[in-house]
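The lines below spell out each chain.
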Amino acid sequence: MELFGSLASSEGLPLALLTFTLSVLATYGYNLFVPDAKEKALWAAWQEDDLEKLCGRAITQNKPIAITLNSRKVYVGLIGDTLEPKPKESAYLSLFPLFSGYRDPDTLSFHLIHRYDELLNTEGNHETGTQKEKWLDFLIVIPRSEIVSIHIFNDHLYQHIKQNTQAALDKRISSAR
């Protein structure tokens, strides 16, 4: 109470107001004359952590990421919100899912079984609201502590690996007979 009382006194109030006004003006001036200051600061902070660096690359290059969770659930999607630097134990990652699936319990192979972009873009979708609202309703928020692995997702490469894996498995089965 004494601190508040001293600020409200005739001596402390003008100094507090002057300090507040100067800090607002300095922040505004910095942002006005240093373009993209927030983006540069975020990019610099992202460089200190591999997960944040990968997410920053996915955001700037507009690439989907694949996330495997502790439960072996897999999501592929676009990052919906930036990972702003904060304590790692309270960090979350927002994702607009394009696909979901799982990792096989024995082989940990990657299987995508649900395709959300087709569902949200269908003409027969009779829900009310704009397309943007439908996508926002689909946004998922994943605690960083649940993420086992994360990588940039390349559908062409995924399909190639999936076909080659299946061909190798078919060859092994036919040679075993």
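Structural data are supplied above this passage.
Reading the values: rules and limits
- Residues numbered from 1 in each chain as written.
- Predicted model: local features only at pLDDT ≥ 70, side-chain atom pairs only at ≥ 80, totals over all residues.
- Heavy atoms only, no water.
- Phe/Tyr/Trp six-rings, centres within 6.5 Å; stacked < 30°, edge-to-face > 60°.
- Helix = DSSP H or I, 4+ residues; strand = E, 2+ residues; numbered from the N terminus.
- Buried < 20%, exposed > 50% of the residue type's maximum accessible area, 1.4 Å probe, protein only.
- Pairing = 2+ DSSP bridges.

Q: Can you break down the packing of aromatic side chains residue by residue, with the values?
A: Pairs of aromatic rings are described using the distance from one ring centre to the other and the angle between the two planes. Inspection of the entire model under this criterion finds five aromatic pairs. Taken together through their ring pairs, the aromatic side chains of Phe99, Phe110, Phe153 and Tyr158 make up a single cluster.

Q: Give me the lowdown on unusual backbone geometry, citing residues and values where you can.
A: Notably, Arg72 is not glycine yet its phi reads approximately 75°, a positive angle. Despite not being glycine, Leu108 shows a phi value in the positive range, around 60°. In this fold, Leu108 is placed in the loop between strand 3 (92–103) and strand 4 (110–115).

Q: Lay out the pairing of strand 3 with the relevant residues and their values.
A: With 10 of its 12 residues buried, strand 3 lies for the most part within the structure. Taken together, the seven bridges between strand 2 (residues 73–79) and strand 3 define a ladder with antiparallel strand orientation. Residue pairing across strands places Val76 opposite Phe99, the latter belonging to strand 3. Alignment of strand 3 against strand 4, held across five bridges, turns out to be antiparallel. Across the sheet, the residue bridging to Phe99 is Arg115, located in strand 4.

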